[in-house]
Amino acid sequence: MSSFLRPDLAEFAAYSAHGPEASGASPEIIDSLDTNECPYDLPEDLKAKLAWMYQQEIAANRYPDGGHGALKGAIAPYVNESAALPADTVSADHISVGNGSDELIRSLLIATCTGRAGAILVASPTFSMYGILAQTLGIPVVTVPRDPDTFAVDTVQAQVVIAQSAVPVRVVFMVHPNSPTANPLTPQELDWLRQLPPEVLVVVDEAYFEFSQHTTVADVPQRDNWVVTRTFSKAFRLAAHRVGYAIAPPALTQVLEKVRLPYNLPSFSQAAALVALRGRLQLLSVIPEILAQRQRLYDALTQHPDLTVWPSAANFLYVRATAPDTATLFQRLYQLGTHVRHTGGGLRITIGTPEENDRTLAHIADILG
Ligand SMILES: *Cc1c(COP(=O)(O)O)cnc(C)c1O
């Protein structure tokens, strides 16, 4: 390790969206059910619209709109609509746009915790990016467990940790519904989050909102310490374009704007997000099918006595196996071409197209015998 590098960075692995890969056969059909994208590409007419915008409206030699004015102006009404809030409850002043919601997570960390100013709290298992991004910034990560059966957060333990942490906890990150375990925040968990003191920022990651319809956006205008993050990478089918947004009190939004890179979102990605928002009824019209497919997979998998399957409020299922064990099931599925995520001691399986889901079920049935 070069002597100019921070020694702590030698100790942890870079993020890999696909996790560890299994070795073995290379089947003809690969189903990518490990990153929770929508299984359908952007429809042809929206792609054509976007191509037209690139030809007619985007000057490739010019920097993007660094203030994201048009995009923020389109996101704010969608947020109000999505949470059934009166128009103008959330305005462009509450919105910050990032290169994926990952960038916003990093901006939130920079704004709150760098320079040993604070630690973050997460409930494991959860989205790994909070911990990874915190570590790259030298920010301590405090972890509390979840109930092994319901995956509810141990809020008693969280309270103790917040009271005792040597570096004060400044941010609590919660995914709603959680990844990989697919459970939404319970009323008790929400009560606990809402009574946290003003010096602790609550970040509710609603990456799967369009599937769950659970949102805490109404808390943002009511509380100074509440942020919701969302993404265009899942239900809006724009993972290739890296667009995320935060809904935050304007005072915090202003700081997020200060700490980000100046031209953080390419013109083409801003255009794609605008096209997706305008076409949202068309894009989101496949969600009922995905939820019906989720139910079909859930019903079929719960028939296997060697599997535990948890209810899901998102576009994926969380599964653990006993015979063979979870790690072996993961390896065997991988060899058959069904790529899922092995994380937190279970398998996170994205709901795909009906054909992909047929193969998932057939492969699992083959392996379990
Ligand atoms: C997929 C996902 C995101 C999206 O991240 P982007 O950087 O916007 O692609 C955010 N949070 C969670 C929990 C996710 O699963």
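Residues numbered from 1 in each chain as written. Predicted model: local features only at pLDDT ≥ 70, side-chain atom pairs only at ≥ 80, totals over all residues. Heavy atoms only, no water.

Novice: What's the story with the overall build of the protein chain in this structure? I'm lost.
Specialist: Across its full length, the protein chain holds 13 helices and 13 strands. Expected size for 369 residues packed as a compact globule is a radius of gyration near 21 Å; at 21 Å, the protein chain falls within 12% of this value. Each principal axis of the C-alpha distribution contributes one length, and for the protein chain these read about 55 × 55 × 50 Å. Considering the protein chain as a whole, with its 369 residues, one finds that 51% of them fall into the buried category. Considering only contacts within the protein chain whose residues lie at least 6 apart along the sequence, 71% involve residues at least 24 apart. As presented, the protein chain carries roughly 16200 Å² of accessible surface, and 54% of it is formed by carbon and sulfur atoms. Taken together, the 26 basic and 37 acidic charged side chains of the protein chain have centroids lying 6 Å from each other. (Helix = DSSP H or I, 4+ residues; strand = E, 2+ residues; numbered from the N terminus. Rg over C-alpha atoms; globule rule 2.2 N^0.38 Å. Buried < 20%, exposed > 50% of the residue type's maximum accessible area, 1.4 Å probe, protein only. Contact = heavy atoms within 4.5 Å. Areas by Shrake-Rupley, 256 points an atom, 1.4 Å probe, with all protein chains shown as cover. Lys, Arg positive; Asp, Glu negative; His and termini not counted. Charge placed at Lys NZ, Arg CZ, Asp CG, Glu CD.)

Novice: Is there a simple way to explain the sheet that holds strand β8 (residues 243-247) in this structure?
Specialist: Sheets are built from strands paired through backbone hydrogen bonds, the pairs being either parallel or antiparallel. With mixed pairing, the 7 strands of this open sheet are ordered in space as β2-β8-β7-β6-β5-β3-β4. Edge positions in the sheet fall to β2 (95-99) and β4 (141-145), since each has one partner strand and no second. The sheet shows a mean angle of 25° between the axes of neighbouring strands, direction not considered. With 4 bridges connecting them, strand β7 (residues 226-231) and β8 associate as antiparallel partners. Bridge pairing links T229 to A246 in β8. (Pairing = 2+ DSSP bridges. Axes fitted to C-alpha atoms, helices over the stretch in contact; angles between N-to-C directions.)

Novice: Is there a simple way to think about helix α13 (residues 354-368) in this case?
Specialist: An α-helical turn contains 3.6 residues, so a residue and the one three or four places further along point in the same direction. Across its 15 residues, α13 extends 21 Å between first and last C-alpha, which sits within 8% of the 21 Å expected from 1.5 Å per residue. With its phi angle positive at about 80°, G369 sits one or two positions after the end of α13. (Expected span 1.5 Å × (residues − 1).)

Novice: Teacher, can you tell me more about the site of the ligand here?
Specialist: The ligand sits among G100, S101, D102, F127, V175, D205, A207, Y208, T231, S233, K234 and R242. Within the backbone of D102, an N or O atom sits 3.1 Å from an oxygen atom of the ligand. Contact distances for the ligand include 2.6 Å between an oxygen atom and a side-chain N or O atom of R242. Expressed as a share of its isolated accessible area of 390 Å², the protein-covered part of the ligand is 93%. No other element matches the 3 residues that helix α3 (residues 100-112) contributes to the shell around the ligand. In terms of residue class, the shell around the ligand is built from 4 nonpolar, 4 polar and 4 charged. (Near = heavy atom within 4 Å. Polar contact = N/O pair within 3.5 Å; in protein donor to acceptor, adjacent residues only side chain to side chain. Nonpolar A, V, L, I, M, F, W, Y, C, P; charged D, E, K, R; others polar.)

Novice: Help me understand the pairing of β8 in this model?
Specialist: Looking down a regular strand, the side chains alternate between one sheet face and the other. Burial runs high along β8: 5 of the 5 residues are buried. Neither face of β8 is left uncovered, since the one carrying V243, Y245 and I247 and the one carrying G244 and A246 both have all their residues buried. Bridge analysis of β2 against β8 gives 5 bridges, and the strand direction is antiparallel. Its bridge partner lying in β8, I95 is registered against I247.

Novice: Where do I start with the packing of helix α12 (residues 326-335) against α13 in this structure?
Specialist: The relative placement of two packed helices is expressed as an angle between their axes plus a distance between the axes. Their axes nearest at 10 Å, the elements α12 and α13 cross at an angle of 125°. For the element pair α12 / α13, the angle class is oblique. Relative to α13, α12 is oriented so that their crossing is right-handed. Taking contact as the criterion, the partners of L329, R332 and L333 in α12 are, on α13, H363, I364 and I367. (Parallel < 35°, antiparallel > 145°, perpendicular 65-115°, else oblique. Left-handed = near helix turned anticlockwise from the far one by under 90°.)

Novice: It is not clear to me how the domain arrangement of the protein chain should be interpreted in this structure. Could you clarify?
Specialist: Many descriptions give the size of an interface as the accessible area lost when the pieces come together. Domain assignment breaks the protein chain into domain 1 (19-36 + 285-368) and domain 2 (46-278). When each unit is reduced to the centre of its C-alpha atoms, the spacing between domain 1 and domain 2 is 27 Å. Here domain 1 packs against domain 2, burying approximately 1400 Å² in sum over the two surfaces, 64% of which is carbon and sulfur. In terms of surface lost to domain 2, no three residues of domain 1 exceed I287, W310 and A313, which account for 33% of the buried area on that side. Our count for the contact surface shared by domain 1 and domain 2 stands at 0 salt bridges. (Domains from an automatic or database assignment. Buried area = accessible area lost by both parts, 1.4 Å probe. Salt bridge = Lys/Arg side-chain N within 4 Å of Asp/Glu carboxyl O.)

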